[in-house]
2 protein chains.
Amino acid sequence: MPRNRQQIPREERTGDLLAAATELFLAKGYAKTTMADISSAAGVARGNVYWYFDSKDHIFAAVMNRMLSREIRILNEEQAGADPLSRLVRGLSDMRYSRPLHQAMHDRLPHSEEVREAHNTFLNWIVGLVDELMAERGLDNAPGIDATLVRDVAVAVFEGANVPNDQNRPAHEMIRFLMESVLARCAGPQGRKR
Amino acid sequence: MPRNRQQIPREERTGDLLAAATELFLAKGYAKTTMADISSAAGVARGNVYWYFDSKDHIFAAVMNRMLSREIRILNEEQAGADPLSRLVRGLSDMRYSRPLHQAMHDRLPHSEEVREAHNTFLNWIVGLVDELMAERGLDNAPGIDATLVRDVAVAVFEGANVPNDQNRPAHEMIRFLMESVLARCAGPQGRKR
DNA sequence: ACCTGAACACCGTTCAAGT
DNA sequence: ACCTGAACACCGTTCAAGT
């Protein structure tokens, strides 16, 4: 059996590398996981990773994309009928364990187009749910409120929750509080529309 | 004139290094500024920086501490009588240009105690102003509201605003919106206390 | 088409040797 | 006490050589 011949199909090897990288990134963080760690965990030589992924950032982006799409699939299955706010809160709650990795994306944003794309996918997911929520309450173009601003603040809270600090309050709590405050404000003085 | 003898007092050289580092960090970012860049900008050899600062993170923390304390001094002078919310908004507005550096602190938090301390100083500054604001409105221990949660969300918005994204909405706008929403919510259904 | 490991590039940090 | 520059360590990436 030749050591240098492809033993397994491309997709499977890609999957192995992705699985190894995911595990290592979660365990040690992005910066402390070396390409040598990933290659040896997947049972290949250092250089071989570059046959499947162009760079460490490429494999990182792929890991993050896979995480988010899995989470979205789970939400679609388990929370099919739920309102946007509970879906959002549930998703954020599920993602708590990958906070450090989301933060690592921020480090890499300036250096990698692929990481930027993966990161935008996260933000678009949140923006979509916030928009849905606002529309459901008929606030998407209410006079007293700037829906764009609400979106941006929600995204900022999410991003801010991913920064490690002493308090370490989970994102889903803060997003819930924020959205409830905004909704209460709208339902108050300005009165409810439609 | 001996090339190897101390020409200038320690404090002045430290100041030169700090000034050079500040300029370079602002211009090129933390990651792309090398220790060689800093040393040559200050006119010393590579290794000499380590006589004044233990590491790149130490010099970075010193740079950030100096920035914040200068900003606080300016605010105290120019906004002496202003209410906490406008002081906070003004400070955040002034700090817009150093966003990328604040974000770089996040990268270094796991690796450096000094950066953690510098970062905490930023957060404490914000928390102090938020607390002051809540106390001024008599909401620091109102029944319907969790002041700790308000603090954490405000901090999260600040942190989130420091992450680069396409929208790039300034932190002070978002903080103002957040605090106004929270205050409106409290002044609404629960009614104003005291 | 895929795999290997030596070699390169880059940069933070150290250190023996200077004054 | 301060300063220098060569040398080291670490790791992402490349590449000539294999099957």
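Relevant structure appears above.
Residues numbered from 1 in each chain as written. Chains lettered and ligands numbered in written order. Predicted model: local features only at pLDDT ≥ 70, side-chain atom pairs only at ≥ 80, totals over all residues. Heavy atoms only, no water.

**Let's talk about helix α9 (residues 171-187) of chain B**
A rise of 1.5 Å per residue sets the reference length of α9(B), with its 17 residues, at 24 Å; its end C-alpha atoms lie 24 Å apart and thus fit the reference within 8%. Among the 17 residues in α9(B), 12 count as buried, and that is most of the element. What α9(B) keeps buried is the set A171(B), H172(B), M174(B), I175(B), F177(B), L178(B), M179(B), S181(B), V182(B), L183(B), R185(B) and C186(B). Where α9(B) is buried, its residues contact α8 (147-161) and α9 (171-187) of chain A together with α5 (84-94), α6 (99-108), α7 (113-136) and α8 (147-161) of chain B. (Helix = DSSP H or I, 4+ residues; strand = E, 2+ residues; numbered from the N terminus. Expected span 1.5 Å × (residues − 1). Buried < 20%, exposed > 50% of the residue type's maximum accessible area, 1.4 Å probe, protein only. Contact = heavy atoms within 4.5 Å.)

**Observations regarding the packing of aromatic side chains**
How two aromatic rings sit relative to each other is set out by the distance from centre to centre and by the angle between their planes. All names here are of chain A. Enumeration according to the criterion identifies six aromatic pairs over all chains in this entry. With a centroid separation of 5.5 Å and 40° between ring planes, the pair formed by F25 and Y30 is classed as tilted. Y30 matches F25 in its accessibility class, with the two residues each being buried. An aromatic cluster of three or more residues is present, and its members are F25, Y30 and F60. Over the aromatic face of Y30 sits the side chain of K56, whose NZ or CZ is 4.3 Å from the ring centroid. (Phe/Tyr/Trp six-rings, centres within 6.5 Å; stacked < 30°, edge-to-face > 60°. Lys NZ or Arg CZ within 6 Å of the ring centre and 35° of its normal.)

**Description of the interface of chain B and chain A**
On the chain A side, the residues contacting the 36 residues of chain B number 37 residues. When the buried area of chain B at its contact with chain A is split by residue, R169(B), F177(B) and R185(B) rank highest and sum to 21% of it. Put simply, chain B and chain A have two salt bridges between them. Between R169(A) and D152(B) there is a salt bridge; the shortest N-O distance is 2.8 Å. Taken together, the links from chain B to chain A amount to four residue pairs in polar contact (both at pLDDT 80 or more). In terms of residue count, the dominant contributor to the side of chain B that touches chain A is α8(B) (11 residues). Grouping the amino acids of the side of chain B that touches chain A by side-chain chemistry returns 17 nonpolar, 10 polar and nine charged. (Buried area = accessible area lost by both parts, 1.4 Å probe. Salt bridge = Lys/Arg side-chain N within 4 Å of Asp/Glu carboxyl O. Polar contact = N/O pair within 3.5 Å; in protein donor to acceptor, adjacent residues only side chain to side chain. Nonpolar A, V, L, I, M, F, W, Y, C, P; charged D, E, K, R; others polar.)

**Some words on the layout of surface pockets**
Empty space within the largest pocket amounts to approximately 910 Å³. Residue lining of the largest pocket: 39 residues in total, with A104(A), D107(A), H106(B), D107(B) and R108(B) positioned closest to the centre. Secondary-structure elements contributing two or more residues to the lining of the largest pocket are α1 (10-28) and α6 (99-108) of chain A together with α1 (10-28) and α6 of chain B. If you tally residues by element for the lining of the largest pocket, the top one is α6(A), at eight residues. (1 Å grid on protein atoms, 1.4 Å probe; cavity = no way out; pocket = protein on both sides within 12 Å on 5 of 7 lines; lining within 4 Å. Points joined across faces, edges and corners; volume = space filled by probe spheres on them.)

**Quick notes on the packing of α7(B) against α8(B)**
Residues and elements named next belong to chain B. Relative orientation of the contacting elements α7 and α8 amounts to 130°, with a least axis distance of 10 Å. With respect to each other, α7 and α8 are oriented oblique. Two packed elements cross with a definite hand, and for α7 against α8 that hand is right-handed. The segment α7 lies against α8, with H119, F122, L123, I126, V127, V130, D131 and M134 engaging V150, R151, A154, V155, F158 and E159. Residue composition of the contact of α7 with α8, by class: 10 nonpolar, one polar and three charged. (Axes fitted to C-alpha atoms, helices over the stretch in contact; angles between N-to-C directions. Parallel < 35°, antiparallel > 145°, perpendicular 65-115°, else oblique. Left-handed = near helix turned anticlockwise from the far one by under 90°.)

**Some words on the environment of R10(A)**
Residues and elements named next belong to chain A. Mapped onto the secondary structure, R10 falls in helix α1. Along the sequence, R10 and Y52 sit 42 residues apart, while their C-alpha atoms lie 8.3 Å from each other. Residue contacts for R10: discarding those within four places in its chain leaves W51 and Y52.

**Let's talk about the relation of the copies chain B and chain A**
Once turned by 180° and shifted 0.0 Å along the axis, chain B lies on chain A with an RMSD of 0.0 Å. Seen this way, the second copy is the image of the first under a two-fold rotation axis. It is G160(B) whose C-alpha, among those of chain B, lies nearest the rotation axis, at 1.9 Å. A share of 100% of interface residues in chain B that are also interface residues in chain A marks the association as one of identical surfaces. (Least-squares fit on C-alpha atoms with pLDDT ≥ 70 in both.)

**Looking at the side chain of Q103(A)**
Along the chain, Q103(A) turns up in helix α6. For Q103(A), a relative accessible area of 9% gives the class buried. Separated by 2.9 Å, the side chain of Q103(A) and the backbone oxygen of H106(B) make a polar contact. Residues within four places of Q103(A) in sequence aside, it is in contact with N162(A), V163(A), P164(A), H106(B) and D107(B).

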